[in-house]
Amino acid sequence: MIPAPLTHYIETEIIPRYEKFDKAHNLSHVQTVIEESLSLAKQYDVNESMAYTIAAYHDTGLCRDRATHHLVSGEILKQDAKLRQWFNEEEIEAMKEAVEDHRASTDHEPRSIYGRIIAEADRVIDPIITLRRTVQYGLKQQPKADKEWHYQRFHQHLMDKYAPGGYLKLWFPESKNAERLKELQTIILNEDLLKEIFNQLFSEEMNN
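Remember, it's a predicted structure, so these values are computed and weren't measured experimentally. (Residues numbered from 1 in each chain as written. Predicted model: local features only at pLDDT ≥ 70, side-chain atom pairs only at ≥ 80, totals over all residues. Heavy atoms only, no water.)

Caption draft 1: Quick look at the packing of aromatic side chains. Using the criterion set out here, one finds seven aromatic pairs in the structure. Ring geometry for F154 and F198: centres 5.0 Å apart, planes at 50°, overall tilted. Of this pair, F154 sits in helix α8 (residues 147–161) while F198 sits in helix α10 (residues 191–207), and the two are 44 residues apart along the sequence. Accessibility assignment for this pair places F154 and F198 in one class, buried. (Phe/Tyr/Trp six-rings, centres within 6.5 Å; stacked < 30°, edge-to-face > 60°. Helix = DSSP H or I, 4+ residues; strand = E, 2+ residues; numbered from the N terminus. Buried < 20%, exposed > 50% of the residue type's maximum accessible area, 1.4 Å probe, protein only.)

Caption draft 2: Highlighting the side chain of S73. In this structure, S73 sits in helix α4 (residues 69–79). From its side chain, S73 meets the backbone nitrogen of G61 in a polar contact 2.7 Å long. Not counting residues within four places of it along the chain, the set of residues in contact with S73 comprises Y57, H58, D59, T60, G61 and V99. (Polar contact = N/O pair within 3.5 Å; in protein donor to acceptor, adjacent residues only side chain to side chain. Contact = heavy atoms within 4.5 Å.)

Caption draft 3: Inspection of the layout of surface pockets at higher detail. By volume, the largest pocket is sized at about 640 Å³. Taken together, 24 residues make up the lining of the largest pocket; nearest its centre are H25, R66, H157, K161 and Y162. Contributions of two or more residues to the lining of the largest pocket are made by α7 (127–141) and α8. The leading source of residues in the lining of the largest pocket is α7, at four residues. For the lining of the largest pocket, the class distribution of residues is eight nonpolar, eight polar and eight charged. (1 Å grid on protein atoms, 1.4 Å probe; cavity = no way out; pocket = protein on both sides within 12 Å on 5 of 7 lines; lining within 4 Å. Points joined across faces, edges and corners; volume = space filled by probe spheres on them. Nonpolar A, V, L, I, M, F, W, Y, C, P; charged D, E, K, R; others polar.)

Caption draft 4: Representation of the side chain of T60. Note that T60 resides in the loop between α3 (48–57) and α4. The exposure class of T60 is buried, given its relative accessible area of 1%. From its side chain, T60 meets the backbone oxygen of Y57 in a polar contact 2.8 Å long. The contacts of T60, once residues within four sequence positions are left out, are I14, R17, Y18, F21, S73 and I76.

Below, the structure is given as structure tokens:
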């Protein structure tokens, strides 16, 4: 059981920070990652309070930047004195490392089961949501670029990250993500279909 005061603290002081982040890292994202983390935590008999806290803090470092947000998030968690009410120093350190290890493009495997849980939970793959977020990110970065530039960036990113051999790693082969990744790869590898979906999403985002 997660202590009610911990839940109250995180829901009132930590989760609201996501209101200021981009569409791919908003309140809906952190809530989904928390749900997925707790679901995995139940399957692997780990400390639910730790899994919950890691998920809540995992993207808080976006307050500084995207490039180092995983490291900054780890520091934010470690420096939060309030968490010492519920966790000892060893648990705090394990949670910090898990937050640091969650990023898809990280160059090393997560150092613990907690790192694997948050890394997996953060990869919640829904083909259309993933494709839409990729369009949204491009528009946020280069709002004035033309449609062809956006398609090329969209296509390159998907190939680099999600195509077979891409840098995205899944840590639980039996997870929902493994099946969804296959669906996404089927779309990515059919360029006519991919372009059709891109045109639809791009048009919707431009009209939003």
